[in-house]
Structures are given as structure tokens and as C-alpha cells.
Amino acid sequence: MDPADGKIVLEGDTKIWIPENTAVKRSSTSVFYNPEMELARDISIAVLNAISDEKFVFLDALAGSGARGIRVANELGLETTLNDWNELAYRTIRKNAELNGLNVEIKNENAKVLLSESKFDVVDIDPFGSPAVFLDAACYSARKILCVTATDTAPLSGAHPASGLRKYSARTYKTDFYPEIGMRTLLGKIARSSSPYDKFIEPLLSHATRHYFRTYLSIKRGKRETNKMMQEIGFISYCKNCLFREYFYGVDAQVGKICPHCGDKTISIGPLWLGRLHDRDVIEDALQELELRNLGKKREARKILESCKDEMAIPGYYDYHVLSKVHGVKLKPIEVVIKELKEDGYGATRTHFSGTGIKTDAGIAELVKVMGRGFE
Ligand SMILES: C[S@@+](CC[C@H](N)C(=O)[O-])C[C@H]1O[C@@H](n2cnc3c(N)ncnc32)[C@H](O)[C@@H]1O
Ligand SMILES: [Zn+2]
């Protein structure tokens with residue numbers, strides 16, 4: 001491996017050497033590096049700084065070029081282990097550690113074996129596509145924080161339901177708020193992977209950006225809290241005819257089958273996570289951290305964090321374009337709809353999941369009424 005056979009890029013304060021034969025897809029003859037993920041890695045640096053203790057030991061279990069773990073070691077100073085079973089990736093990680101003068105541990109193992117044999121304070125799972133096969137071992141290994149990426153947005157969000165059922169043991173459906181269904185399907189599966197170890201999760205930040213889902217979770221032990229966590233899992237009863245939806249908590253929930261709004265049959269989606277997606281204090285801290293750092297994608301990262309911070313902590317949102325089509329109401333600016341919902345006494349915010357999404361505790365009838373106001 002000749003340094004001349006590649007190039008060095010700067011991410012944050014870290015130099016990353018990228019060999020010539022990189023790819024953004026699965027391959028044994030090239031090393032994974034995706035420059036588009038710089039934004040996600042910038043967010044990781046700010047969030048991990050907000051939630052980790054300087055004594056935490058960090059594992060980048062599926063490290064690729066090492067971009068994420070090398071940045072964590074260099075920019076946050078955490079004791080770090082990086083692992084990848086691909087020989088080329090392993091050599092690239094070594095080169096990147098050397099380039100930044102870092103003393104990190106580098107392994108060339110099957111991540112599932114490594115996770116089953118050793119524990120780390122922070123475990124980061126950043127796979128190709130679905131993280132499902134790593135979740136059991138990752139929940140076992142993580143002592144304090146678990147970070148998970150998923151790029152298989154189609155199975156998670158209901159576009160490929162058979163694959164969603166195989167990977168996440170959950171019924172998915174393509175609703176008008178499908179990115180949030182995807183995030184909650186992922187979180188539901190992680191919760192059900194942690195519970196056999198008497199471990200419970202608490203989401204600190206969960207963001208969906210294009211084909212990329214990323215969640216940061218606190219993970220701790222405790223039978224009682226784990227029992228409580230299981231109550232945050234549940235089902236959604238969704239009517240595709242009028243967009244009515246209702247949330248049923250608990251894995252033994254009796255889900256309503258007939259839409260009380262229009263009388264059509266509803267679709268059951270789940271089990272999925274119905275609890276909160278973020279911790280506002282963590283996002284506040286991460287936002288402050290963002291300002292202090294030298295990060296290439298600061299503006300975009302700030303936008304995502306602000307919007308996660310401000311969104312209502314309730315499951316689901318309505319896509320107001322779909323709502324307008326389904327109910328035959330004209331469109332007015334989204335901010336006007338939100339303002340009028342608030343004037344009528346409802347909670348209402350936008351959501352980071354979609355530019356046309358409205359989170360509100362108003363029911364479908366009230367929402368349609370507000371949408372149609374001014375057009376009578
Ligand atoms: C999406 S890439 C990682 C990207 C990297 N975290 C980054 O930020 O650039 C996934 C990596 O996981 C590795 N991998 C897949 N399955 C593995 C396994 N069972 N054990 C170890 N490494 C694995 C692949 O070789 C690949 O380099
Ligand atoms: Zn209905």
C-alpha cells in the first residue's frame with residue numbers, strides 16, 4: 001500500500017487517507033469511504049462529545065477506512081478500538097492512525113465475535129444496509145452508549161415489507177410519515193434486542209437524513225426499567241383511506257381494526273418504538289459543541305439538530321401534501337397551518353423527517369378543518 005496510491009482529505013481536525021480503490025458499496029477488493037457521510041460524522045463528534053465521559057472506551061466495530069473512529073480518537077481523545085474484517089480496510093485504518101499520530105487499537109475480526117467477547121462503553125455500528133444481524137451482540141457489548149446506523153430505508157419504512165418483517169420482526173407499511181415509521185421500527189428492534197440482557201435503551205438523538213438513519217442511545221442495566229421500556233413498544237393502527245392513526249402501547253396491545261373516522265379497515269404496523277426519539281438537553285449540549293468546533297458541515301448539522309430539538313415528542317406526523325390530496329383541501333403555507341392549529345389550542349410543530357410534515361396532537365377531523373379554513 002503506497003501512500004501515493006490515494007489521497008488525503010480533511011474532516012474536522014482529522015486527516016483521512018483514502019486509497020484509490022474506494023467504494024460506497026459492499027466489496028472485498030476496495031475500502032469503504034463515503035464523503036457524503038461527513039455531515040453524519042460531524043454530528044457524531046458533537047453528540048458524542050455531549051454524551052460521553054473522557055474515560056469512555058469507544059469501539060468503531062465496522063470501521064471501513066476508519067474515518068469515524070479515527071475522528072473520535074483524534075477530536076474527542078477517547079480511548080478507541082477500530083475493527084474491520086476486510087484486510088484492505090484494516091491496513092487503511094492502520095495508515096490513518098499513523099497519519100494522525102494516534103495510539104489506537106486496530107482489529108481485523110468478525111465484529112459479531114468481537115462484540116460477543118468484549119465490552120466497550122460506547123459501541124458504534126455503521127454497516128452496509130441493515131444493522132439487524134449485529135444488534136444482539138452490540139446490545140450485549142455496549143456498557144453505556146450504543147450508536148446505530150441503518151441505510152436499508154426501504155425495508156424499515158415499509159417500501160419492502162417482506163424484508164422488513166425478516167430483518168426487524170415487524171410489520172411495516174408505507175404511510176405518509178414513512179421515515180419516522182422506519183426510525184421507530186429500528187428502535188423497536190434495538191429495544192427488543194437489549195431486553196433479554198435486562199438492558200434498557202433511552203434514545204438521545206435519532207435523525208433520518210435521506211437514505212441514512214442514525215440513532216444515539218443510552219443503554220443501561222436494570223430489570224424494572226427494562227420492564228418499563230417494553231411499554232414504550234407498541235403498534236399503530238393506520239387508515240390508508242383517510243390517514244387516521246391511533247397508537248397502542250405494549251407488545252400485547254389490542255389494535256383497533258376499523259377506522260373510527262371513515263369506517264375503512266385499518267392496517268396494523270409494528271411492533272415499533274412509540275417512546276421519545278431525542279433528549280432535548282443532549283441536543284442543546286451538542287449544538288453548543290458544534291459551534292466550538294472546526295467542522296466542514298456545521299451549517300447542515302445545526303439545521304438537523306435544531307429541527308430534532310424543536311419537534312413535538314409524540315409519535316407520527318402528517319404529510320400535509322398527502323392530507324390535502326386525500327381530503328380535497330387546498331394548500332396554504334405550512335407555517336400558517338401550524339399557527340392556526342396552535343391558535344385552536346393544539347400542539348403543532350414541523351419535523352426533521354420531512355419538509356411537508358406536521359406533528360400535532362390534533363385529530364384528523366380537526367386537522368382537516370384547519371387545513372380547509374379560509375377556503376370555504
Ligand atoms: C459502511 S462500512 C463502514 C463505514 C465507516 N464507519 C465510515 O464512517 O466510513 C461497513 C464496513 O463493515 C465491514 N464489515 C461488514 N461486516 C463485518 C463483520 N461481520 N465484521 C467486521 N467487519 C465487517 C465492511 O468490510 C465495511 O468496511
Ligand atoms: Zn379512515
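What counts, and where the lines are drawn
Residues numbered from 1 in each chain as written. Chains lettered and ligands numbered in written order. Predicted model: local features only at pLDDT ≥ 70, side-chain atom pairs only at ≥ 80, totals over all residues. Helix = DSSP H or I, 4+ residues; strand = E, 2+ residues; numbered from the N terminus. Rg over C-alpha atoms; globule rule 2.2 N^0.38 Å. Contact = placed C-beta atoms within 7 Å. Pairing = 2+ DSSP bridges. Domains from an automatic or database assignment. Nonpolar A, V, L, I, M, F, W, Y, C, P; charged D, E, K, R; others polar. Near = placed C-beta within 6 Å. Axes fitted to C-alpha atoms, helices over the stretch in contact; angles between N-to-C directions. Parallel < 35°, antiparallel > 145°, perpendicular 65-115°, else oblique. Left-handed = near helix turned anticlockwise from the far one by under 90°. Buried ≥ 20, exposed ≤ 12 C-beta atoms within 10 Å, placed from the backbone. Arc of directions from axis to C-beta. Core = buried A, V, L, I, M, F, W, Y, C linked by C-beta atoms within 7 Å.

Scanning the protein chain from N- to C-terminus turns up 14 helices and 17 strands. In terms of C-alpha radius of gyration, the protein chain reaches 22 Å, essentially the compact-globule figure of 21 Å for 376 residues. Projecting the C-alpha coordinates of the protein chain onto the three principal axes gives extents of approximately 70 × 40 × 35 Å. Counting only contacts in the protein chain whose residues sit at least 6 apart along the sequence, the fraction spanning at least 24 positions is 60%.

On to the sheet that holds strand β16 (residues 348-351). With antiparallel pairing, the three strands of this open sheet are ordered in space as β15-β17-β16. Because the sheet does not close on itself, it has two edges, and the strands there are β15 (318-319) and β16. The pairing of β15 with strand β17 (residues 354-360) spans two bridges and is classified as antiparallel. Directly across from D319, in β17, lies its bridge partner G357.

Annotation of the protein chain at the domain level lists domain 1 (3-310) and domain 2 (318-372). Between the C-alpha centres of domain 1 and domain 2 the distance comes to 30 Å. Contacts between the two partners involve 14 residues from domain 1, matched on the other side by 13 residues from domain 2. Counting residues per element, the ones that place at least two in the side of domain 1 that touches domain 2 are α8 (178-194), β10 (199-209) and α11 (298-310). Ranked by residues supplied to the side of domain 1 that touches domain 2, first place goes to α11 with four residues. Taken together, the residues of the side of domain 1 that touches domain 2 sort by class into eight nonpolar, three polar and three charged.

What follows is about the site of ligand 1. Around ligand 1, a shell composed of 20 residues is seen, among which L62, G64, W85, N86 and A111 lie nearest. A class-by-class count of the residues in the shell around ligand 1 yields eleven nonpolar, five polar and four charged.

With that out of the way, let us pick up the packing of helix α5 (residues 132-141) against α8. Packed helix pairs are characterised by how far apart their axes lie and by the angle those axes make with each other. Running from N to C, α5 and α8 cross one another at 40 degrees; their axes reach a closest spacing of 8 Å. It follows that α5 is oblique to α8 by the angle criterion. Relative to α8, the crossing made by α5 is right-handed. Mapping the contact onto sequence places A132, L135, D136 and C139 in α5 and K189, I190, S193 and S194 in α8. Grouping the amino acids of the contact of α5 with α8 by side-chain chemistry returns four nonpolar, two polar and two charged.

Overall, antiparallel pairing links the three strands, which are arranged β13-β12-β14 in an open sheet. The open sheet has two edge strands with one neighbour each: β13 (245-249) and β14 (267-273). Adjacent strand axes in the sheet meet at a mean angle of 25 degrees, parallel and antiparallel pairs treated alike. Looking at chain direction, strand β12 (residues 233-238) and β13 are connected through five bridges and run antiparallel.

What follows covers the packing of helix α10 (residues 280-292) against α11. For the pair α10 and α11, interaxial distance at closest approach is 10 Å and the crossing angle is 160 degrees. One element, α10, and the other, α11, form an angle in the roughly antiparallel class. Seen from above, α10 lies across α11 with left-handed handedness. Contacts from R280, I283, E284, A286, L287 and L290 of α10 reach α11 at K298, A301, R302, L305, C308 and K309.

Take helix α13 (residues 334-343) next. Along α13, the positions that sit buried rather than exposed are V337, I338 and L341. An end-on view of α13 places all buried positions within 95 degrees of arc, on one side of the element. Turned more than 90 degrees away from the buried face of α13 sit E335 and E343, all of them exposed. Buried positions along α13 lie against α12 (320-327), β16, β17 and α14 (364-372).

Here the focus is the nonpolar core. If you look at the biggest cluster of nonpolar residues, it comprises 109 residues, and the most contacted ones within it are V47, V123, A138, I145 and L146. When residues in this core are grouped by element, the largest group, nine residues, is from helix α1 (residues 38-51). Mapped onto the domain boundaries, this core takes at least three residues apiece from domain 1 (3-310) and domain 2 (318-372). Beyond its immediate stretch of four places on either side in the chain, V47 contacts L205, Y216, V282 and A286.

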